[in-house]
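Architecture and fold: a report
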Amino acid sequence: MTPAPRELPSVLDLAPVVPVVVLEDAADAVPLARALVAGGLPAIEVTLRTEAAPEAIRAIADAVPEAVVGAGTVLGPEHVGTAVAAGARFLVSPGWTDTLLEAMRGSGVPFLPGVSTASEVVALLERGIEEMKFFPAEAAGGTGYLKSLASPLPQARFCPTGGVTAANAATYLALPNVACVGGTWMLPADALAAKDWERVRALAAEASGVRPAG
Ligand code: 3PG
């Protein structure tokens, strides 16, 4: 009997908090990833917004086996190819088109297309996709908007990103349709500029301790 194809793990179930990394220097990738993992945040999204991103993904994939490194800001088939070739184990996009979806589906790794309206959610459900990024979360309506989607569209599960902070992460995580949140709040620009990995580790530890607001 042919074994059933292995179910791909969900991006949403990797970790409750996913740091979103923008790196200018690939040499920072490994110490940064080690600091995040040490703080309890193993799922790391490296955005393809800088030239350093593919090398950064490759370096983390090679040198930090405890991390699950993925690519963010995936905008088209070329990005999908670059990310997977570099070792990305998941893909995230701020929005989607059918061309992008086709490439992400063909990548062999789990992916999260971005949405910010009910119509976009419905269009993804129509295409058989139930897991998505909600972006830009705060600007698009925040927890109130997501709460309103839960009743008519309960099958959709989200990772809100964009404006999520230490102050509101617990409120997002308490929603029935939110599985994880993403953001940059544990990666302040001045800490990255100073290569202050201990501060990143401490902020990651704080972020990984966030629990759904009761
Ligand atoms: C992004 O794509 O930049 C992420 O959504 C992070 O947003 P944040 O900086 O508001 O956390």
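Here's what I pulled together on the structure shown here. (Residues numbered from 1 in each chain as written. Predicted model: local features only at pLDDT ≥ 70, side-chain atom pairs only at ≥ 80, totals over all residues. Heavy atoms only, no water.)

Some remarks on the nonpolar core
Judged by nonpolar contacts, the single largest core of 69 residues is most densely connected at L36 and L91. With six residues, helix α1 (residues 29-38) is the largest single contributor of residues to this core. Of all hydrophobic cores here, the second largest spans eleven residues; its members include V68, L112, C159 and C180. (Core = buried A, V, L, I, M, F, W, Y, C linked by side-chain atoms within 4.5 Å. Buried < 20%, exposed > 50% of the residue type's maximum accessible area, 1.4 Å probe, protein only. Helix = DSSP H or I, 4+ residues; strand = E, 2+ residues; numbered from the N terminus.)

Details of the side chain of T50
Relative to the assigned elements, T50 resides in the loop between β2 (43-47) and α2 (53-63). Residue T50 is classed as buried on the basis of its relative accessible area, which comes to 10%. Apart from residues lying up to four places away in sequence, T50 is in contact with V22, L23 and E24. (Contact = heavy atoms within 4.5 Å.)

Quick look at the site of the ligand
Taken together, V20, R49, F135, T161, G162, G163, G183 and T184 make up the full set of residues adjacent to the ligand. Interatomic distance of 3.3 Å between a backbone N/O atom of G162 and an oxygen atom of the ligand. T184 is positioned such that a nitrogen or oxygen atom in its side chain is 2.5 Å from an oxygen atom of the ligand. Tallied by class, residues from the shell around the ligand come to two nonpolar, five polar and one charged. (Near = heavy atom within 4 Å. Polar contact = N/O pair within 3.5 Å; in protein donor to acceptor, adjacent residues only side chain to side chain. Nonpolar A, V, L, I, M, F, W, Y, C, P; charged D, E, K, R; others polar.)

Some remarks on helix α4 (residues 98-105)
Within the sequence span of α4, burial applies to L100, L101, A103 and M104. The arc enclosing the buried residues of α4, seen along the axis, measures out at 165°, which places them on a common side. Residues of α4 that are buried make contact with α3 (77-86), β4 (91-92), β5 (111-112) and α5 (118-126). (Arc of directions from axis to C-beta.)

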